[in-house]
Amino acid sequence: MSRRSTPDLRSSSQRSSGDDGSAGDLLVAGIPDDDESIPVDETGSRSALQVLDELFAEGKISGKKMAQLRDSFSQLSATVSKMQQSESDLMNEAKTLTQEMSSMESDLATVESFPGNEATEVGQQRQMLLKHRNALALIEERQEKLTYDIELLTQERDGLRKDYERMPKPEVGSSSQFCLQSFM
């Protein structure tokens, strides 16, 4: 198998020390040339585990690094599988709900187009309920207006009483004083 070598990005001191790919090394992915062929499986991509085995066999990564990468790959692969299953479940649920909604819309259209819908007992009850609610709303509005008017008249009466109390009082024997006090 022909493989393109990756550029060595280690410093010259690391290259000369003969570092064997321990945990501190950088892992650099090489980009294959267009003319170079890479073996593929049935799905059209090489297995990441196969690539890791090859890199370990060639001595490009350490056993510790390979174990870490295998673990990461396994976790990511499991997460992808869970997400795909979740997506599939959600798509199925969306299809089911869409069908239910379509069925309900057609049922609603059928009920709304039913001739004489208001003539049924339920329709008559609905009309009566709406009529009574409207009447109740009008009564409540009128009651609020009357309460407001009472408050205004009470304030006006209190103001008039204060004005009357400030006025000079006529002498005690007068008949006009008797008449005013009887109205208060």
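**Brief notes about the overall build of the protein**
Point 1. Check the secondary structure of the protein and you find five helices and zero strands.
Point 2. Within the span of the protein, comprising 184 residues, buried residues form 7% of the whole.
Point 3. Considering only contacts within the protein whose residues lie at least 6 apart along the sequence, 41% involve residues at least 24 apart.
Point 4. Only carbon and sulfur atoms are counted for the fraction: they give 57% of the accessible area of the protein, which is about 15,800 Å².

**Digging into the packing of aromatic side chains**
Point 1. All told, the structure shown has zero aromatic pairs when counted by the stated rule.
Point 2. For Lys 169, the ring lying beneath its charged end belongs to Tyr 164, and the centroid distance is 4.9 Å.

**Topic: the side chain of Ser 62**
Point 1. Along the polypeptide, Ser 62 turns up in the loop between helix H2 (48-57) and helix H3 (63-112).
Point 2. Given a relative accessible area of 16%, Ser 62 falls into the buried group.
Point 3. Reaching out from Ser 62, the side chain makes a polar contact with the backbone nitrogen of Lys 65 at a distance of 3.2 Å.

**Looking at the packing of H2 against H3**
Point 1. Two numbers describe how H2 lies on H3: the axes approach to 10 Å, and their chain directions differ by 175°. The pairing of H2 with H3 is recorded here as roughly antiparallel in orientation. Here Ala 48, Leu 49, Leu 52, Asp 53 and Phe 56 of H2 come into contact with H3, specifically with Gly 63, Met 66, Leu 69, Arg 70 and Phe 73.
Point 2. Among the residues forming the contact of H2 with H3, the class breakdown is seven nonpolar, one polar and two charged.

**With respect to the pattern of salt bridges**
Point 1. Counted under the stated rule, the structure contains five salt bridges.
Point 2. Residue Glu 58 pairs with Lys 60 through a salt bridge whose shortest N-O separation is 3.6 Å.
Point 3. Glu 58 sits in the partly exposed class, given a relative accessible area of 43%.
Point 4. The exposure class of Lys 60 is partly exposed, given its relative accessible area of 40%.

**Regarding the confidence of the model for the protein**
Point 1. A residue-level look at the protein finds 65% of positions with pLDDT of 70 or above and a mean pLDDT of 75.
Point 2. The secondary-structure element of the protein with the lowest mean pLDDT is helix H1 (residues 12-16), recorded at 41, while helix H4 (residues 121-166) shows the highest, at 92.
Point 3. Within the model, the stretch residues 1-45 combines pLDDT values under 50 with 39 contacts to residues more than four positions away or in other chains.

Parameters and conventions
Numbers given to residues run from 1 along each chain, matching the order in which its sequence is written. Note on the predicted model: pLDDT of at least 70 is required for a residue's local features to be given, and 80 or more for side-chain atom pairs to be given and counted; whole-chain, interface and lining totals, by contrast, use all residues. Water and hydrogen atoms play no part in the side-chain values, which are based on all heavy atoms of the structure. Strands are runs of DSSP state E lasting at least 2 residues, helices are runs of H or I lasting at least 4, and numbering of each runs from the N terminus. Any residue under 20% of the maximum accessible area for its type is buried, any over 50% is exposed, and the rest in between are partly exposed; the area is computed with a 1.4 Å probe on protein chains only. Residue contacts follow a heavy-atom distance rule, with two residues in contact if any of their heavy atoms lie within 4.5 Å. Method for areas: the Shrake-Rupley scheme with a 1.4 Å probe, in which residue coverage is limited to the protein chains shown. Planes of paired rings set the category: under 30 degrees apart is stacked, over 60 is edge-to-face and the rest tilted, where pairs are Phe, Tyr or Trp rings (Trp by its six-membered ring) whose centres lie within 6.5 Å. Lysine and arginine charges are scored as sitting over a ring when NZ or CZ, respectively, is within 6 Å of the ring centre and within 35 degrees of the ring normal. Any pair of N or O atoms that falls within 3.5 Å is considered a polar contact. Within protein, one atom must be able to donate a hydrogen and the other to accept it, and sequence-neighbouring residues count only if both atoms are side-chain atoms. Between N-to-C directions, angles span 0 to 180 degrees; the directions come from axes that are lines fitted to C-alpha atoms, helices contributing only their stretch in contact. Oblique is the label for any angle not covered by the other classes, which are roughly parallel (under 35 degrees), roughly antiparallel (over 145) and roughly perpendicular (65 to 115). All residues other than Ala, Val, Leu, Ile, Met, Phe, Trp, Tyr, Cys, Pro, Asp, Glu, Lys and Arg, Gly among them, are scored as polar; the first ten of these are nonpolar and the last four charged. The rule for a salt bridge is simple: a side-chain nitrogen of Lys or Arg has to be within 4 Å of a carboxyl oxygen of Asp or Glu. For every residue, the predictor reports its confidence as pLDDT, a number between 0 and 100.

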